[in-house]
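# Inside the fold
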Amino acid sequence: MKSKALTNLLKETADLYLFTIRFFKEGFKPRFEVSELINQCFYIGNKTLPLVGITGFIMGLVITIQSHPSMKAFGAESWLPSVVSVSLVREIVPVITALICAGKIGSGIGAELGSMKVTEQIDAMEVSGTNPFKYLVVTRVFAAMLMLPLLVILSDAIALYGAYIGVNMKQVISFQLYSNQIFSKLTFSDVLPSIIKSFFFGFAIGIIGCFKGFSTKNGTQGVGRAANSAVVAATFVVFIIDLMAAQIADIFSIT
Amino acid sequence: MKEQTLNRAKLGAFVLIATTFLIVGLYFIGSKKNIFHSSISVSANFSNIGGLIQGNNVRFNGINVGVVSKVYPIADTAIKVEFTIDQSSTKYISSDATVSIGTDGLLGNKLVNISPGKKKSKQIEEGNLLISTRPIQIDSELRTITTTNNNLKVITDNLKDVSEKLNNNNSLWQLLTDTRVADNIRKAIVTFKLTGENTAVITGNLSKFVTDIKAGKGTIGALLTDTSITEKLSQTIININSISDTMAIISGDFKTFSKKLNNKNSTLSTLLSDTAFVHNLNSSIINIKDGADNFNKNMEALKHSWPLKKYFKQQKKSKQN
Amino acid sequence: MSSEKVKDKNIVIQIKGLKKSFGENNVLNNFNLDLKEGENLVVLGKSGSGKSVLIKCIIGLMFTDSGSIKVFDNEVTELSHDELDKMRVKIGFLFQSNALYDSMTVRENLEFPLRRHWINTTKENVNELVLEVLNNVGLAHTIDMMPEELSGGMRKRIALARTLILKPKIILYDEPTTGLDPITGKEICNLMLEVQKKYNTSSIIISHDMNCVKITSNRIIVLIDGKCYATGTYEELSKSSDINIQHFFDSIIRTV
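Keep in mind that this is a model prediction, so the values were computed, not measured.

With that out of the way, let us pick up the overall build of chain A. When you go through chain A residue by residue, the secondary structure sums to nine helices and zero strands. Here chain A, with 255 residues, has 47% of them falling under the buried criterion. Of all intrachain contacts in chain A linking residues separated by at least 6 positions in sequence, the fraction that spans at least 24 positions is 88%.

The next subject is the overall build of chain B. Helix and strand content of chain B: nine helices and seven strands. Pairs at least 24 apart in sequence give 68% of the contacts found in chain B among residues at least 6 apart.

Turning our eyes to something else, we now look at the pairing of strand β2 (residues 25–36) of chain C. Remember that side chains alternate between the two faces of the sheet whenever the strand is regular. Residue and element names in this part refer to chain C. Across nine bridges, the pairing between strand β1 (residues 11–22) and β2 is antiparallel. Looking at the pairing, I15 lines up with L33 of β2. The turn joining β1 and β2, which pair antiparallel and follow one another in sequence, is formed by two residues; a positive phi near 65° is taken by G23.

A few words on the confidence of the model for chain B. Residue and element names in this part refer to chain B. Averaged over chain B, the pLDDT score is 69; the fraction of residues at 70 or greater is 45%. Here residues 218–224 scores under 50 on pLDDT; set against residues more than four positions off or in separate chains, the count is 22 contacts. In the predicted assembly, ipTM is 0.81 and pTM is 0.66.

Residues and elements named next belong to chain C. Spatially, the four strands line up as an open sheet ordered β2-β1-β4-β5, and their pairing is antiparallel. Each edge of the sheet is formed by a strand with only one pairing partner; in this case those strands are β2 and β5 (74–75). Pairing of β1 with strand β4 (residues 66–71), which is carried by five bridges, proceeds in the antiparallel orientation. Of the residues in β4, the one forming a bridge with I13 is V71.

Right, let's talk about the packing of helix α2 (residues 34–46) of chain A against helix α6 (residues 132–170) of chain A for a bit. Residues and elements named next belong to chain A. Taken N-terminus to C-terminus, the directions of α2 and α6 make an angle of 45°; their axes are 8 Å apart at the nearest point. Here α2 is positioned oblique relative to α6, judged by the angle of their axes. Helix-helix and strand crossings are classified by hand; for α2 and α6 the assignment is right-handed. Residues E36, L37, Q40, C41, I44 and G45 of α2 form the contact with α6, whose participating residues are Y135, T139, R140, F142, A143, A144, L146, M147, L150 and L151.

Attention now moves to the confidence of the model for chain A. Detail in the predicted coordinates should be disregarded across regions flagged by low pLDDT. Per-chain confidence: chain A averages 90 in pLDDT, with 99% of residues scoring 70 or above. Mean pLDDT per element in chain A: helix α7 (residues 175–185) of chain A is the minimum at 84, and α6 of chain A is the maximum at 94.

Taken together, the contact pairs ten residues of chain A with 15 residues of chain C. Per-class residue counts for the side of chain A that touches chain C are two nonpolar, five polar and three charged.

Residue and element names in this part refer to chain B. Pairing geometry for strand β1 (residues 39–46) and strand β4 (residues 78–86), over eight bridges, is antiparallel. The residue of β4 that forms the bridge with N45 is K80. Here two bridges tie β1 to strand β7 (residues 129–132), and the two strands are oriented parallel to one another. Residue pairing in the sheet places S43 in a bridge with L129 of β7.

Residues and elements named next belong to chain A. Their axes nearest at 8 Å, the elements helix α4 (residues 80–118) and α7 cross at an angle of 55°. Accordingly, the angle class assigned to the pair α4 and α7 is oblique. Regarding α4 and α7, the two cross each other, and that crossing is right-handed. Taking contact as the criterion, the partners of P81, S82, S85 and V86 in α4 are, on α7, Y178, Q181, I182, S184 and K185.

Another aspect to go through is the interface of chain B and chain A. Many authors give the size of an interface as the accessible area that is lost as the parts come together. Of the residues lining the interface, 16 residues belong to chain B; the matching set on chain A comes to 16 residues. The class makeup of the residues in the side of chain B that touches chain A is ten nonpolar, three polar and three charged.

What follows concerns α6 of chain A. Residues and elements named next belong to chain A. The end-to-end C-alpha distance of α6, which contains 39 residues, comes to 55 Å, matching closely the 57 Å that a straight helix rising 1.5 Å per residue would cover. At V138, α6 shows its largest kink, close to 25°. Counting buried positions along α6 gives 32 out of 39 residues, so the element sits mostly inside the fold.

Residues and elements named next belong to chain A. For helix α3 (residues 49–73), spanning 25 residues, the distance from its first C-alpha to its last is 36 Å, which sits close to the expected 36 Å at 1.5 Å a residue. The largest bend in α3 amounts to roughly 35° and is located at S67, with the proline P69 lying one to four residues further along. Within α3, burial applies to L49, V52, G56, M59, G60, L61, I63 and T64. A positive phi of about 70° marks G75, the residue just after α3.

Our next topic: the sheet that holds strand β5 (residues 98–103) of chain B. With mixed pairing, seven strands are arranged side by side around a closed barrel as β1-β4-β3-β2-β6-β5-β7 (chain B). The sheet shows a mean angle of 40° between the axes of neighbouring strands, taken without regard to direction.

Let's shift gears to the environment of Q96 of chain C. Residue and element names in this part refer to chain C. Relative to the elements of secondary structure, Q96 occurs in the loop between β6 (91–94) and α4 (106–117). Take Q96: there are 17 C-beta atoms within 10 Å of it, and that puts it in the partly exposed class. The spacing of Q96 and Y173 is 77 residues in sequence and 7.8 Å in space, taken between C-alpha atoms.

What follows deals with the nonpolar core. I205 and A234 of chain A together with I58 and L172 of chain C are the most contacted members of the largest nonpolar core, which has 142 residues in total. The leading source of residues in this core is α6 of chain A, at 24 residues. Inspection of this core shows a minimum of three residues originating in each of domain 1 (1–81 + 169–256) and domain 2 (91–167) of chain C. Beyond its immediate chain neighbours, meaning those up to four positions away, I205 of chain A contacts A98, C101, A102, I105, G106, A144 and A234 of chain A. With 22 residues, the next largest nonpolar core counts V42, L52, V81 and V99 of chain B among its residues.

Glancing now at the environment of S69 of chain B. Residues and elements named next belong to chain B. Counting through the fold element by element, S69 comes out in strand β3 (residues 63–75). Of the residues examined, S69 has 18 C-beta atoms within 10 Å and is grouped as partly exposed. With 28 residues separating them in the primary sequence, S69 and S41 have C-alpha atoms 8.5 Å apart. S69 has contacts with S41, Q54, E82, F83 and T84, leaving out every residue within four places of it along the chain.

The backbone of N61 of chain B sits at a positive phi, close to 50°, despite the residue not being glycine. Residue classification places N61 of chain B among the partly exposed positions, given that 17 C-beta atoms sit within 10 Å. The backbone of N98 of chain C shows a phi angle near 70°, a positive value even though the residue is not glycine. With respect to the element layout, N98 of chain C can be found in the loop between β6 and α4.

Rules and cut-offs
Residues numbered from 1 in each chain as written. Chains lettered and ligands numbered in written order. Predicted model: local features only at pLDDT ≥ 70, side-chain atom pairs only at ≥ 80, totals over all residues. Helix = DSSP H or I, 4+ residues; strand = E, 2+ residues; numbered from the N terminus. Buried ≥ 20, exposed ≤ 12 C-beta atoms within 10 Å, placed from the backbone. Contact = placed C-beta atoms within 7 Å. Pairing = 2+ DSSP bridges. pLDDT = per-residue confidence, 0-100. Axes fitted to C-alpha atoms, helices over the stretch in contact; angles between N-to-C directions. Parallel < 35°, antiparallel > 145°, perpendicular 65-115°, else oblique. Left-handed = near helix turned anticlockwise from the far one by under 90°. Nonpolar A, V, L, I, M, F, W, Y, C, P; charged D, E, K, R; others polar. Expected span 1.5 Å × (residues − 1). Bend = angle between axes of the 7 residues up to and from the residue. Core = buried A, V, L, I, M, F, W, Y, C linked by C-beta atoms within 7 Å. Domains from an automatic or database assignment.

Quick look at the structure:
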């Protein structure tokens, strides 16, 4: 029983690997489904923004409120904006955004492609002279890759505004001073790795959602399972990528 | 079809806003790093840079004028620090300005401080090598204060040891003959001296430091912009002063005491000729007497009875009688 | 339409010695089939007997293990992806579950294969073609509806319209009446005959619905154990004394 589960896991990993290779093989060859890519960008970008924005705002606010007592205990209350902004931009916002997207986009793609698979829509596309891999998978993965960094940037901005409100709850500070403090502490090596990281988050979320959807079996029951396992796997992989990103940044001493 | 066009417009807005945020954010971060400003590059040599790294700020009279661009050793005792200075600030900095390494706040990042030159000499130029000075290292001062505190603790322990021995009723003579005690006292005095010296050095440094800050001298004044820290520091210095005063008195006493102990010819007589000591001894003896009396009473109680209640009953009875 | 009429016509699909297995399970084992021009060929078989696999192999959705499939003299198993796409323009495929794209309107569903295969078609042309096929299946009013708003029978008709929009020479029907009530099923079968006359197609129909088979078939192949078990017209097979064949005709009594 145990060995069967292990075999399944290994098989799935191998399949995902082959799926990823297929993505790179087909993703950069014409023909490019530009109009579908734009549609997917709209669904992944605009439709996820409200959720990501609200979460970002709350995270900024909460992290500030939670950090305030300990900063005060060290007598470093005036450092609160810079400390909070660095932790928001470097880690909290990219990861929270990625997790939200893993939940929303990952499950959405998994369920959509899963139901297309079981109702033969993917076969129908193939018959209609469309490469379903290009039309469905490549567009979605690219859309997720392009949109995630943008979502992270907007979420950064919203979270920093949330942090500003959080700081102002305990002390009065002008927006100008606040932004000065933030930008005096933030560096390129805080912002750029987090944005590069979110490219990979987007890729992982997209490819895992598509993989799970594309390999759906067992009818409608399988669709639910595909959506669910897409979220679980994407969430897990987001953390793995985050760990790897931290280590790589450490190796190149981008600290 | 209409809906699709609208969606595309929304997507466009989304992408534009996000990109604008990114560009503006990067601009603000970059403006600090001098990437988008024209600047000149100068350098200075230090014997120890205390953890200064690439990217640390360069300040002139307390305002940021540049960043450290490179740090590398050029000899076994020399580190070259290259840094940039904004073009707009160069006209206020003369080529004989001095450079030191400081700290942002009490525990903040390292930074390079540029102090204005003494003479009216020509303006700083690309590639100039500036004179470096060794600044007061606030963290090493703090370390010395800790050592002093530790020494004080050792002394207190020694003193406690001595006084315990003095209080111990039957060992006055032992005290006078015990070489270990004498050793301890000697050690205590040595430590005391050391502490006193250290304290003097620190006090000197710190008071100079504080005076500088109060006088508002640029380099150090920039370090400590928070006045509360300055006040705390002066309080510390006053405390250290008073401690060292007390130390001097105590160590003086002990010096004479130990001298007398070390004089083997007439240990006891000299000791007894010291009236203050005799007075102390007297009171000690009285204490000892009291102690002995109490001890005797206790012994009596033990002798008389088991359990103690009985003894007290008897006492009561005898009193009544 | 009698079987005599098509006898001397060209063969459009020729399958020889087709083998396909999933693991240990030999679904198709040395299967042979000829489809003549203008013929309605029904492949009769129990569920899981590999009927769907057969037509998916013909259109290149599944790979064969061995054997040859010739469509208009093209060897399907040897075609490149682009050649396969060109061939698919001439073959319509009606999926069992209709496979209408849920996220698109009826119009977009119908336009989809057009936009894919003939990139240069003008907007007016596309519109004309969409309306034409919708009229042919009698559902012109549904043009801006979403598939979820349609009934099962309507969806089947739209799916048929989508296969017709490319004006295919061959149509492959995968259980066209499954999931429909007998009356709607009969309507669909009549529509299939109508379409065949109008577009002059040849078709392979996969089914086990004997009512449908009775209406549509020119010839029947009984598929048992991955082999061509028997072949003949509806009348010939209904008189057969073979118990395996008789099973199929027994069911007609129950369903009508």
